[in-house]
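Tertiary structure, described
Spelled out from the first residue to the last, the chains are:
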Amino acid sequence: MNNKEAYARWFQQATKHEPYPFQVRYACEPTLPELVDVPTGMGKTAMAVLGWLWRRRFAEEKVRKAIPRRLVYCLPMRVLVEQTWGEANKWIAELEKHYPKEMTQAPTVHILMGGEDEEDWDMYPERDQIIIGTQDMLLSRALNRGYAATRSRWPMKFGLLNMDCLWVFDEIQLMGAGLATTTQLEGFRRVLPDKDSDRAKNGHGCRSVWMSATLQRDWLKTVDFNDHVDSLVKLELNDDDHKNRDVITRWTAKKPLEKTKAVMGDVSGLANEVREAHKPGMRTIVILNTVKRACELFKALNAVAKGKPSVPEPAIVLLHSRFRPEDRRRQVDRALAEIR
């Protein structure tokens, strides 16, 4: 069994799905890509997290030594952080069942975002770790100005996040000014002098990966990183991906857009339209512009369900910004639960 076949089997044990060709290339190619230009919904998160873990724990010794011990996964939105944190924990739990020896002292998964208690991840610099957070929390610590962090611990977090880390920046088109900060930090690491010239060239043990479905190299050009942008290795879908059945299904999926017949204020009419449009075995997502309207539609949809007791009804989940963290987490879990 060659390296790519071994990874494909390993990936399937972690996720219950076969990897796409680009996911295999990310984990198994000699050079780790620094740019990832792959459409939304194709599995970039699994690619990045499991690609790092394979290189760190399961690849040949030379590759294991070259990959940083901390994966720092930086996202622009809270909901993306929660989802990524949940998936990473699930994948690691599955791998611990199948590979108890290789997963001895498995990587710990930490979450960094406003409203969450920050765990003492910085107390164990020798351990493999996955740190998932919003850009404000992570980049401020990388700049030695950690939001909501004790000032006395700023230098410790600063040092750990600028040494022996693989930074993955996802959905960079949403990062705003944070994107320029990421490239400047990478530029500073590469120009910082070191007795070991190769170490300085390789960012003093830190590496960065930028991911987006609409990635453009020009976005990454800043004063101290401009000279490096054109040489960054890029990963994108190739012929092998476009021949993959599942990729074809996602690539060609129709996304129809229609105007509702129900007018503003006709909650009952909108509920009936939503119910008629829903297809069994699928998710139907309704987005409204106020919490009040979302709550009203939720009640109306439940009323429609009670009015048709003989018809199998899907789970109806309400999500809005006023949920407490624990309640919101439960609702998100319900919304993302496997459809039966």
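Everything that follows concerns the structure shown earlier in this document.
We now turn to the structure provided with this report. Quantities reported herein were computed from a predicted structural model and do not represent experimental measurements.

With 21 residues, helix H5 (residues 78-98) should reach 30 Å at 1.5 Å per residue; the first-to-last C-alpha distance of 31 Å fits that figure. All of the buried residues along H5 are Val81, Glu82, Thr84, Ala88, Trp91, Ile92, Glu94 and Leu95. Where H5 is buried, its residues touch helix H1 (3-15), helix H3 (44-58), strand E2 (70-75), strand E3 (108-112), strand E4 (129-134) and helix H15 (325-336).

Along the chain, the position of Arg328 falls in helix H15. The exposure class assigned to Arg328 is buried, which follows from its relative accessible area of 16%. There is a polar contact of 3.5 Å between the side chain of Arg328 and the side chain of Glu82. Ignoring anything within four residues of it in the chain, the contact list for Arg328 reads Arg78, Glu82, Leu319 and Phe323.

To continue, consider unusual backbone geometry. Phi is positive for Gln105, close to 50 degrees, though the residue is something other than glycine. Tracing the sequence through the fold places Gln105 in the loop between H5 and E3. Note on Gln105: relative accessible area 54%, which makes it exposed. The backbone phi angle of Ala148 is positive, close to 60 degrees, even though this residue is not glycine. When you line up the elements, Ala148 lands in the loop between helix H6 (135-142) and helix H7 (154-161). On the accessibility criterion, Ala148 (78% relative accessible area) is exposed.

Turning our eyes to something else, we now look at a nonpolar patch on the surface. A cluster of nonpolar side chains, contributed by Met77, Val79 and Leu174, occupies part of the molecular surface with about 250 Å² of accessible area. Mapping Met77 onto the fold places it in the loop between E2 and H5. According to the relative accessible area criterion, Met77 is partly exposed, its value standing at 39%.

This next bit is on the sheet that holds strand E6 (residues 207-212). Strand order in the open sheet formed by 7 strands is E3-E4-E2-E5-E6-E1-E7, and the pairing between neighbours is parallel. Of all the strands in the sheet, just E3 and strand E7 (234-236) have a single pairing partner and so form its edges. Shown here is a sheet whose adjacent strand axes are inclined to one another by a mean of 15 degrees, direction ignored. Of the pairings in the sheet, the one linking E2 to E4 comprises 6 bridges and is parallel in character. Opposite Cys74, over in E4, you have Gly133 as the bridge partner. In the packing of helix H2 (residues 21-28) onto the sheet, contacts are made with strand E1 (35-37), strand E5 (165-169), E6 and E7, and the angle to E7 comes to roughly 155 degrees.

On to the environment of Lys243, then. Tracing the chain through its elements places Lys243 in the loop between helix H11 (239-242) and helix H12 (245-251). Judged by relative accessible area, which is 65%, Lys243 ranks as exposed. Linking Lys243 and Pro21, residues 222 residues apart in sequence, is a C-alpha distance of 9.7 Å.

This brings us to the pattern of salt bridges. Throughout the structure, instances matching the rule amount to 23 salt bridges. Glu94 serves as the salt-bridge partner of Lys97, at 3.3 Å between the closest nitrogen and oxygen. Of this pair, Lys97 and Glu94 both sit in helix H5, 3 residues apart, which is roughly one turn of that helix. For Arg153, the salt bridge is made with Asp120, and the minimal N-O distance between the two is 3.5 Å. With Arg153 in the loop between H6 and H7 and Asp120 in the loop between E3 and E4, this residue pair connects regions lying 33 residues apart in the sequence.

Take the packing of H1 against H5 next. Running from N to C, H1 and H5 point in directions that differ by 115 degrees, and their axes come no closer than 7 Å. Classified by chirality, the crossing of H5 by H1 is right-handed. Only Trp91, Glu94, Leu95 and His98 of H5 make contact with H1, whose side of the interface consists of Trp10, Gln13, Ala14 and Thr15. Of the residues in the contact of H1 with H5, the class split is 4 nonpolar, 3 polar and 1 charged.

Rules and cut-offs
- The written sequence of each chain sets the order in which its residues are numbered from 1.
- Note on the predicted model: pLDDT of at least 70 is required for a residue's local features to be given, and 80 or more for side-chain atom pairs to be given and counted; whole-chain, interface and lining totals, by contrast, use all residues.
- The side-chain quantities take in all heavy atoms of the structure and omit both hydrogens and water.
- Put simply, DSSP H or I for four residues or longer makes a helix, DSSP E for two residues or longer makes a strand, and each gets a number counted from the N terminus.
- An expected span of 1.5 Å times one less than the residue number is assigned to each helix.
- Only protein chains enter the calculation, and the probe is 1.4 Å; a residue is then buried if its accessible area is under 20% of its type maximum, exposed if over 50%, and partly exposed in between.
- Contact criterion: two residues are considered in contact whenever any of their non-hydrogen atoms come within 4.5 Å of each other.
- Any N or O atom pair separated by 3.5 Å or less is treated as a polar contact, with the protein-specific requirement of one donor-capable and one acceptor-capable atom, and with residues adjacent in sequence counted only for side-chain atom pairs.
- Patches were defined on residues exceeding 30% relative accessible area and lacking a salt bridge, with like-charge contacts within 9 Å and nonpolar side-chain contacts (Val, Leu, Ile, Met, Phe, Trp, Tyr) within 5 Å.
- Only the protein chains shown count as cover for residues, and the accessible areas themselves come from Shrake-Rupley with a 1.4 Å probe.
- Think of a salt bridge as a Lys or Arg side-chain nitrogen and an Asp or Glu carboxyl oxygen that are within 4 Å of each other.
- Strands are labelled as partners when DSSP assigns at least two bridges between them.
- Inter-axis angles, ranging from 0 to 180 degrees, are taken between N-to-C directions of lines fitted to C-alpha atoms, where helices are fitted over the stretch in contact.
- Crossing handedness follows the turn of the near helix against the far one: under a right angle anticlockwise gives a left-handed crossing, and clockwise gives a right-handed one.
- Amino acids are sorted into nonpolar (Ala, Val, Leu, Ile, Met, Phe, Trp, Tyr, Cys and Pro), charged (Asp, Glu, Lys and Arg) and polar (every other residue, Gly among them).

By themselves, these figures tell us nothing about what the structure is for.
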